[in-house]
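Structural features, examined
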Amino acid sequence: MITADPTPPRRTKVKMAEQGQSLRMGFADPEKKLRVGLYPGTFDPVTNGHLDVIARAARLLDKLIVGVAISTGKGPLLTLDERVELVQAEIARIATQNGMVIEVLPYDTLLIEFARKVGASMIVRGLRAVTDFDYEFQMAGMNYRMAPDIETVFLMASETHQFIASRLVKEVAMLGGDISSFVPPLTLQRVLQRIRG
């Protein structure tokens, strides 16, 4: 008959030290690298859909950079300075609510170069529909080939914002339609001022 030994095994100092080390490793390392993400776009104009993605990305990161592309080829309605200013104004509440840093910076280089410059390890992209996915899938592949250390993370658009696109917002506004449910108040005011001259 086999009986269990009632005396517990002796714990050596080395074993106890190893266990202590593993317990300490479970806590946040104060020297751990911050999770920095980059959310790029033209933001012409910034929409409620953009703000939704920014708010959700902010919950996943320690620091978020919103990169505003110059995009002269798209013939933007608002100037680069105006777009940067509006994004900064509209995201202030999100940064405060999440207790984090959200920077808004313009860029006119390759996205990967800009990501490296700001120290981002993650590029955040919003997806609205299958048509978005085709383009974004190609871009993610190209970016990964150039910078395999920078991941692309896709966030699906919220149900209430899946149809909002800056291009469509501008078209509706130019034809006199109501865009108040698509963009935040300050942006609405600035877009209407620009269209009405």
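Placed above this text is the structure.
What you see is a predicted model; the values in this text were computed from it and never measured.

If you trace the five strands from one edge of the open sheet to the other, you get β3-β2-β1-β4-β5, paired in parallel fashion. Looking at strand neighbours, the two that pair on one side only are β3 (101-107) and β5 (151-156), the edges of this open sheet. Taking the axes of each pair of neighbouring strands and ignoring which way they run, one obtains an average angle of 30° across the sheet. Pairing analysis gives two bridges linking strand β1 (residues 36-41) to strand β4 (residues 122-127), with the strands arranged parallel. In the sheet register, G37 faces β4, and the bridge partner there is M122.

Let us now look at the layout of surface pockets. Approximately 1,200 Å³ is the volume found for the largest pocket. Along the walls of the largest pocket sit 50 residues, with G41, T42, K74, R125 and E136 positioned nearest its centre. Only β1, α2 (48-58), α4 (111-118), β4, α5 (130-146), β5 and α6 (166-174) provide two or more residues apiece to the lining of the largest pocket. For the lining of the largest pocket, the element with the highest residue contribution is α5, accounting for nine residues. Classifying every residue of the lining of the largest pocket by side-chain character gives 25 nonpolar, 14 polar and eleven charged.

Cut-off values and rules
Residues numbered from 1 in each chain as written. Predicted model: local features only at pLDDT ≥ 70, side-chain atom pairs only at ≥ 80, totals over all residues. Heavy atoms only, no water. Pairing = 2+ DSSP bridges. Helix = DSSP H or I, 4+ residues; strand = E, 2+ residues; numbered from the N terminus. Axes fitted to C-alpha atoms, helices over the stretch in contact; angles between N-to-C directions. 1 Å grid on protein atoms, 1.4 Å probe; cavity = no way out; pocket = protein on both sides within 12 Å on 5 of 7 lines; lining within 4 Å. Points joined across faces, edges and corners; volume = space filled by probe spheres on them. Nonpolar A, V, L, I, M, F, W, Y, C, P; charged D, E, K, R; others polar.

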